[in-house]
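# Examination of the molecular architecture
Residues per chain are reported as follows:
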Amino acid sequence: MREQLSLFDLQQFTAPPVIKSVTDDSWDKPDSVTNTVLEQTKQSSKADSNVLEQATTNTNKSAPEQSHWVEKYTVIRYGKEHYYYRYLWMSGRKLHHRHIPGGSVKSQIAIGRKQQIERAIADGETPLAIEKLIRSWR
């Protein structure tokens, strides 16, 4: 009877691996090309200072033309698109919205209410007053 000595070369798995280490001298040298983070913060760079500076004015105030508006939005039901109006306003960085009741954009009630809100915006009404007006229509 013949005996099989080995199917695989097991020496590569039984002998400890030989690791050839290569030293990298760049880890031991001080970084002379770039500055450390601490050194970079001490230096003032005029090119980047506009981005990093704090605003000196009150940034919570928004421009009047951007603080509140009316838009048409889409709702998809049963594969059909339906369009409605909603009132949007900014409070700080947060965007709020309120549906304008009265039906779709084809409804005369919704069109009239949209025009009423746009007149209130043009007259300088606050978003709080306009939201109170929209809630009164429910």
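Our structure's up above, just so we're on the same page.
Described in the following lines is the structure provided in the data block. All values reported here derive from a predicted model rather than from experimental measurement. (Residues numbered from 1 in each chain as written. Predicted model: local features only at pLDDT ≥ 70, side-chain atom pairs only at ≥ 80, totals over all residues. Heavy atoms only, no water.)

Scanning the model with the defined rule gives 4 salt bridges in all. When the shortest N-O distance is used, the salt bridge between E131 and R98 registers 2.6 Å. Taken together, the residues span a long stretch of sequence, with E131 in helix α6 (residues 127–136) and R98 in strand β3 (residues 94–99) at a distance of 33 residues. Among the residues examined, E131 registers a relative accessible area of 12% and is labelled buried. For R98, a relative accessible area of 23% puts it in the partly exposed group. For the salt bridge of R135 with E131, the shortest nitrogen-to-oxygen distance reads 3.0 Å. One end of the pair is R135 and the other is E131, both in helix α6 and 4 residues apart, which spans about a single turn. (Salt bridge = Lys/Arg side-chain N within 4 Å of Asp/Glu carboxyl O. Helix = DSSP H or I, 4+ residues; strand = E, 2+ residues; numbered from the N terminus. Buried < 20%, exposed > 50% of the residue type's maximum accessible area, 1.4 Å probe, protein only.)

Turning to a nonpolar patch on the surface, a few remarks are in order. The grouping of L7, F8, L10 and F13 at the surface amounts to a nonpolar patch, some 520 Å² of accessible area in total. Inspection of the secondary structure assignment puts F13 in helix α1 (residues 11–14). (Patch = residues over 30% accessible without salt bridge, like charges linked within 9 Å, V, L, I, M, F, W, Y side chains within 5 Å. Areas by Shrake-Rupley, 256 points an atom, 1.4 Å probe, with all protein chains shown as cover.)

With that settled, consider the environment of Q116. Inspection of the secondary structure assignment puts Q116 in helix α5 (residues 108–122). Taking C-alpha positions, Q116 is 9.7 Å from L133, a pair spaced 17 residues apart along the chain. Among all residues touching Q116, those that are not within four sequence positions of it are L133 and W137. (Contact = heavy atoms within 4.5 Å.)

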